[in-house]
Amino acid sequence: MPDAKLSMIGSRAVLFQPSCPFDLANQQRIWAIADEAATWKGVREAVPGMTNVTLLLDHVPTGLDRIERDLAALWESGIRKQVEGRLLAIDMAYDGPHLAEVAGMTGLPVDQVVRLHAAPEYTVYAVGSHAGYCYLGGLDPRLETPRRKVPLPRLPGGSLSLAGLQTGVSASAGPSGWNTIGSTDLSFFDPERTPAALLRPGDRIRFNPVEVKA
Amino acid sequence: MFDKQDLARLLDAMRAHGVGTLEIEGGDMFLRLALPAGPAPATAAEAKPATATAAACSPDIGTFLPRGSDDGLPAIAPGDAVRAAELLGYVAQGAVRAAVTAPADGIIASGIPAPGTLFGHGDPVLTLETRP
Amino acid sequence: MIEVLFIPPAATVQDLGRDGYWSQGLGRAGVMDALSHSVANMLLGNDVDAATLEIPLTPARFRFRQAGAFALAGAACGATLAGRPLPRVWAGMADAGDVLELGPMTSGARSYLALPGGIDVPAVLGSRSTQLREGFGGLEGRVLAAGDVLRAASETLPLPPVGLSLTMPALRAAGAAEIELRALPSAEHGDFAPASREAFWTTPYTVSQQSNRQGYRLEGETLAYEASGELRSHGIAPGIVQVPGGGQPIIQLADSATMGGYPKIAAVIEPDLWRIAQARPGDRLRFRQVTLAEAALAARTQQEWLAGIRTQLEGFLTRQRGWL
């Protein structure tokens, strides 16, 4: 048996977690699995997570052997989805309430925090949590910070925040335990638009600082 | 207001209980029902002055289920006052429960049937003493 | 057409949920108690996916602007129509001007109000469910307020003049103090201490006050997670029982996030999610481990029960037509 775990996360939802390092190459294998599995009979949706994939099925499976074998074979094949992906430049005001705190925690001046954050081209690894939210890969390790002890109950949509080695922009108002360093007016999810979510896995983001206010 | 079905039920109830005439008054409405004289049941009581009765009839074929078992409603008992169109119990077939409702404002004058009692469509299930 | 006279700010228009947008991060939303919602619809001859009003807090008061049919199902809440008491499951007619009033809930936690053809709100992304976080769907993407008007999607009045009620499955087994939830072991089940696993399946968990459409926080035996390291974010589905650092479980429900990373001890099977929806703060839950085969059978049994109700209601209508 390959080193992968298959488990039920609902009576019709199956989570496939191969054991692998967390990097873009493995994430591309996950995207390929999700694309392929979404076409299988009995699979309603396939959602890439962070080096894992969740399948929503039409019915409660009577056994997991078949699906496990098929997923493992796909993973072992090593097939990768190398997405061209579009590159989106987002005008970002670095004016979040925790920008100065992040500077303090990282031991970097505010300007340097902004420069390091705006330097990389981030890749959308997965979309989820709330509608249109993107899990981004590519944060500079020098910007690693702990989560906040007391989460904010309602962070507005368009808030740029980071925690651990992750960063992202909230698409709608909600609670957040991350450190918020910026804001944008961009709409990441619009039910009137097709597709409704602005970004897909494989798309890339570059932040363009338009204002710095700590 | 009474529709044709209500009237039919009232007449059925009158026959069942040997009531020759029935007068119902409510708001600006007055209803008088009289059955032609004929072979009345032997138990027919002499008309009591100043009271009338009305039957709550079964809307379906099925078995009786009293109000207040699992429906969130208080149970009812003889002597309780009820309002016209109030739910008094059910006649059930499988999971479907058809409502037995009061034909008029009144006091429950008969006993409550035992759960499981079989009723046909139009059979009187409960009798109310209505205000004259 | 009914007008909301009073309602606490928690009621939303919902159908069976929004399928097909999980990969864009959009949760299903939809009713918490699909069984009561479906029954309320079927009593009016509606599709089970027609939109109803989910009412988690009472008192609430509505006025019928014109005569029409309606149905109620779910929690017992001392409902009255024009002052006459209604059972917790009911379909019948209201006259123009009648006031429908829902009182304090005495058993159950959610009532569903259905109108002929469903509540007429536009379908957005394939569903009429309210997406509260994103602010669309349902009635203007929000909870209802006094002054709102709900329209029936159909003008027809399919009901005979006889009021209808229905025998529902019991929330608890006869004589049981706890609500039993059947569940499958989930991804990190084996990473909890053996004593914690034992406690999870054998001791009751109490529904806390922090319980809503996003999820129910439970209180009971603390569950010790023995593996180390952060989990990578993955898809989560309604019914998943997560255990954050404090060791007290959370059941994620209709409005949960679509991805998360807390350890998962179990997943409540779909046919039992309605039981959670009707559990009130202070109610005690007990998890019973089932196999996939048992989960599949439970799903089939519930579908067959609903199909049986549909058939029985058709039989009732046929009999009524025969007598008219």
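Residues numbered from 1 in each chain as written. Chains lettered and ligands numbered in written order. Predicted model: local features only at pLDDT ≥ 70, side-chain atom pairs only at ≥ 80, totals over all residues. Heavy atoms only, no water.

- As recorded in an unreviewed UniProt entry, chain C goes by the name Biotin-dependent carboxylase-like uncharacterized protein, listed as coming from Paracoccus versutus.

- As annotated in an unreviewed UniProt entry, chain A carries the name KipI family sensor histidine kinase inhibitor and is attributed to Paracoccus versutus.

### Here we look at the domain arrangement of chain C
All names here are of chain C.
Move 1: By domain assignment, chain C separates into domain 1 (2-168), domain 2 (179-290) and domain 3 (292-324).
Move 2: Measuring from the centre of the C-alpha atoms in domain 1 to the corresponding centre in domain 3 gives 21 Å.
Move 3: Tallying the contact residues gives 16 residues for domain 1 and nine residues for domain 3.
Move 4: Carbon and sulfur atoms make up 81% of the area that domain 1 and domain 3 hide from each other, which totals about 1,100 Å².
Move 5: Together, Leu35, Met42 and Pro160 form the three largest contributors to the area buried by domain 1 at its contact with domain 3, with a combined 46%.
Move 6: At the junction of domain 1 with domain 3, the criterion picks out zero salt bridges. (Domains from an automatic or database assignment. Contact = heavy atoms within 4.5 Å. Buried area = accessible area lost by both parts, 1.4 Å probe. Salt bridge = Lys/Arg side-chain N within 4 Å of Asp/Glu carboxyl O.)

### Things to note about the sheet that holds strand 5 (residues 81-82) of chain B
Within a sheet, neighbouring strands are paired by backbone hydrogen bonds and run either parallel or antiparallel to one another.
Residues and elements named next belong to chain B.
Move 1: Strands sit in the order 3-10-8-5 across an open sheet of four strands; the sheet is antiparallel. Both outer strands of the open sheet, strand 3 (52-57) and strand 5, are each paired with one neighbouring strand and no more.
Move 2: Of the strand pairs in this sheet, strand 3 and strand 10 (residues 124-130) are connected by six bridges, and their pairing is antiparallel. What sits directly across from Cys57, in strand 10, is Pro124. (Pairing = 2+ DSSP bridges. Helix = DSSP H or I, 4+ residues; strand = E, 2+ residues; numbered from the N terminus.)

### Details of the interface of chain C and chain A
Move 1: In this complex, chain C contributes 38 residues to the contact, which on the side of chain A involves 46 residues.
Move 2: Taken together, the two surfaces of chain C and chain A that pack against each other cover about 3,300 Å², and 57% of this comes from carbon and sulfur.
Move 3: It is Trp22, Arg133 and Arg232 of chain C that lose the most area in chain C upon contact with chain A, and together they represent 22% of the buried surface on that side.
Move 4: Put simply, chain C and chain A have three salt bridges between them.
Move 5: The salt bridge partner of Lys5 of chain A is Glu188 of chain C, with a shortest N-O separation of 3.9 Å.

### Comments concerning the packing of helix 1 (residues 34-43) of chain C against helix 4 (residues 292-323) of chain C
Residues and elements named next belong to chain C.
Move 1: At a closest axis distance of 10 Å, the pairing of helix 1 and helix 4 adopts a crossing angle of 20 degrees. The angle between helix 1 and helix 4 places the two elements in the roughly parallel class. Seen from above, helix 1 lies across helix 4 with right-handed handedness. Of the residues in helix 4, those touching helix 1 at Leu35, Ser38, Val39, Met42 and Leu43 are Gln302, Trp305, Leu306, Ile309, Arg310 and Leu313. (Axes fitted to C-alpha atoms, helices over the stretch in contact; angles between N-to-C directions. Parallel < 35°, antiparallel > 145°, perpendicular 65-115°, else oblique. Left-handed = near helix turned anticlockwise from the far one by under 90°.)

### Comments concerning the packing of aromatic side chains
Move 1: Tallied over the entire structure, the rule returns twelve aromatic pairs over all chains.
Move 2: Centre to centre, the rings of Tyr122 of chain A and Phe207 of chain A are 5.5 Å apart; their planes meet at 55 degrees, and the pair counts as tilted. Of this pair, Tyr122 of chain A sits in strand 6 (residues 122-127) while Phe207 of chain A sits in strand 13 (residues 204-212), and the two are 85 residues apart along the sequence. The pair Tyr122 of chain A / Phe207 of chain A is uniform in exposure class, with both members buried.
Move 3: With a centroid separation of 5.6 Å and an interplanar angle of 85 degrees, the aromatic rings of Tyr133 of chain A and Tyr135 of chain A are classed as edge-to-face.
Move 4: When its relative accessible area of 8% is taken as the criterion, Tyr133 of chain A is described as buried.
Move 5: Aromatic rings pair up to connect Phe200, Trp201, Tyr205 and Phe287 of chain C into one cluster.
Move 6: It is Arg29 of chain A that lies over the ring of Trp75 of chain A; its NZ or CZ is 3.6 Å from the centre. (Phe/Tyr/Trp six-rings, centres within 6.5 Å; stacked < 30°, edge-to-face > 60°. Buried < 20%, exposed > 50% of the residue type's maximum accessible area, 1.4 Å probe, protein only. Lys NZ or Arg CZ within 6 Å of the ring centre and 35° of its normal.)

### Some details on the interface of chain C and chain B
Move 1: At the junction of the two partners, chain C supplies 24 residues and chain B supplies 24 residues.
Move 2: Here chain C packs against chain B, burying approximately 2,000 Å² in sum over the two surfaces, 56% of which is carbon and sulfur.
Move 3: Linking chain C with chain B are one salt bridge, by the criterion used here.
Move 4: On the surface where chain C and chain B come into contact, there are twelve residue pairs in polar contact (both at pLDDT 80 or more).
Move 5: The set of elements that each furnish at least two residues to the side of chain C that touches chain B consists of strand 7 (84-85), strand 12 (164-166) and helix 4 of chain C.
Move 6: Ranked by residue count, the leading element in the side of chain C that touches chain B is helix 4 of chain C, at seven residues.
Move 7: Here the side of chain C that touches chain B is composed, by residue class, of 15 nonpolar, six polar and three charged. (Polar contact = N/O pair within 3.5 Å; in protein donor to acceptor, adjacent residues only side chain to side chain. Nonpolar A, V, L, I, M, F, W, Y, C, P; charged D, E, K, R; others polar.)

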